[in-house]
Amino acid sequence: MSVKNKLSKVILSTAIGFATTMGSSVASADQSYVTIGTGGQTGVYYVVGQSMCRLINRATDDHGIKCTAPSTGGSVANINAIRQGQLDLGVAQSDWQYYALNGTKHESFIQQGKFEDLRALFSIHSEPFTVVARADSGVKTFDDLAGKRVNLNNPGSGTRGTMEVIMAEKGWTRDSFKLAAELKSSEQSQALCDNKLDVILSNVGHPSGIIKEATTSCDTKIIPVTGPEIDKLIAENDFYASAVIKGGLYKGNDTDVDTFGNAATMVTSSKVDADTAYQIVKSVFDNFERFKRLHPAFANLDPRKMISDGLSAPLHEGAVRYYKEKGWM
Ligand code: GLU
């Protein structure tokens, strides 16, 4: 991963002889660096990170924070990089936020145990689990994926993780597919339209570049994700809910499609200092109308819901300070 920047805050003041250092890289006086993990470059997470950095960096002269938001492998990779101190913040699916906190479901989370320092900042857009099939693949229902060439997505992505959760419910393994590919989200649409795959998957906000690329480059159908296993996942887990992908968003897909989904959330660690977390949420919510305009998936966001829905980890204390000042808690 090209994520090397750690949060580092160096306050040098010889007058009062005071110096604190967090992280390992050295920054110039009174400046700290924050790195936000996102996802593939054609996804919505990348826009979330870039948008936040844009708002944060507009006020660097005031708060001293500089922000970057590189492309990453997605939710699980972001959470693990935060845990290892390689990222300060990251976008993560609400299901993977929960599983990380509790040390469950993903091999890496089980090995490391509960991630007790995991902190939430806010939730963002909803992410319907989206299945796109080539029109000529014969795939009409989710069960039809068995025996087909399916991109499970790269290990480390939330999509891959959630697909594995569904596969476990359905009793499927990688052998259930003719091909179980592991392409990154940004590579899969072209592979679908080059007829190297029958089906691509993405837990993603809409409209999304990933789905737009696939649906405009070849004939596709968005496939419903429903059935008793999905009902069970929704019934047993607060972070899953039924969802609808609206008809008309994508070429060749004019009717609503039923599926289920999660929320995208912004997470960090309790090791990130409170003033930094405060300034980050302040940059977003003080400029909220501007933030909402940066992607259509943000259009209906409501700040009060963003700090209550879809969050399993405790809110970071710096974020709580800002939300209390606003009277939202
Ligand atoms: N939910 C996806 C993941 O965690 C990323 C979606 C996006 O990039 O917008 O892998």
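Asker: Sorry, what's going on with the overall build of the protein here?
Answerer: Within the protein one finds 13 helices and 12 strands. In summary, the protein has a C-alpha radius of gyration of 20 Å against a globular reference of 20 Å for 329 residues, a match within 12%. Overall, the protein is about 75 × 40 × 35 Å in size when its C-alpha atoms are taken along their principal axes. Here the protein holds 329 residues, and 55% of them are scored as buried. For the protein, the share of sequence-separated contacts (at least 6 apart) that also reach a separation of at least 24 residues comes to 72%. A total of about 14,100 Å² of accessible surface is found on the protein, and carbon and sulfur atoms cover 47% of it.

Asker: How should I be thinking about helix α13 (residues 317-325) in this particular structure?
Answerer: Structural remark: α-helix, 3.6 residues per turn; residues separated by three or four positions point the same way. G318, A319, V320, Y322 and Y323 are the residues of α13 that are buried. Against the buried residues of α13 lie β6 (118-134) and α10 (274-285). Just past α13, the residue G327 takes up positive phi, approximately 80 degrees.

Asker: For this particular structure, what's the right way to read the state of the cysteines?
Answerer: Structurally, a disulfide amounts to a covalent bond that connects the sulfur atoms of two cysteines. For the structure shown, the criterion picks out 2 disulfides. The disulfide that involves C53 links it to C67, with 2.0 Å between the sulfurs. Looking down the S-S bond of the C53 and C67 bridge, the torsion is -55 degrees, so its handedness is left-handed. With C53 in helix α1 (residues 44-57) and C67 in strand β4 (residues 65-68), this residue pair connects regions lying 14 residues apart in the sequence. Exposure class is identical for C53 and C67. Each is buried.

Asker: Honestly, a positive patch on the surface in this entry has me stumped. Any pointers?
Answerer: A cluster of basic side chains, namely R54, R58, R290 and R293, defines a positive patch on the protein surface. Residue position: R293 is located in the loop between α11 (288-292) and α12 (303-306). By relative accessible area, R293 is classed as exposed at 65%.

Asker: Help me understand the site of the ligand, please; the structure alone is not making it clear to me.
Answerer: If you check the shell around the ligand, you find G43, V44, Y45, G74, S75, Q93, E127, S157, G158, T159, N203 and V204 and nothing else. Side-chain polar atom of Q93 to a nitrogen atom of the ligand: 2.8 Å apart, as the coordinates give it. At a separation of 2.8 Å, an oxygen atom of the ligand approaches a polar backbone atom of G158. Put simply, the parts of the chain that give the shell around the ligand at least two residues each are α1 and α6 (158-170). Looking at side-chain class alone, the shell around the ligand contains 3 nonpolar, 8 polar and 1 charged residues.

The rules behind each value
- Residues numbered from 1 in each chain as written.
- Predicted model: local features only at pLDDT ≥ 70, side-chain atom pairs only at ≥ 80, totals over all residues.
- Heavy atoms only, no water.
- Helix = DSSP H or I, 4+ residues; strand = E, 2+ residues; numbered from the N terminus.
- Rg over C-alpha atoms; globule rule 2.2 N^0.38 Å.
- Buried < 20%, exposed > 50% of the residue type's maximum accessible area, 1.4 Å probe, protein only.
- Contact = heavy atoms within 4.5 Å.
- Areas by Shrake-Rupley, 256 points an atom, 1.4 Å probe, with all protein chains shown as cover.
- Disulfide = S-S within 2.5 Å.
- Patch = residues over 30% accessible without salt bridge, like charges linked within 9 Å, V, L, I, M, F, W, Y side chains within 5 Å.
- Salt bridge = Lys/Arg side-chain N within 4 Å of Asp/Glu carboxyl O.
- Lys, Arg positive; Asp, Glu negative; His and termini not counted.
- Charge placed at Lys NZ, Arg CZ, Asp CG, Glu CD.
- Near = heavy atom within 4 Å.
- Polar contact = N/O pair within 3.5 Å; in protein donor to acceptor, adjacent residues only side chain to side chain.
- Nonpolar A, V, L, I, M, F, W, Y, C, P; charged D, E, K, R; others polar.

Treat this as a map of the structure, not an account of what it does.
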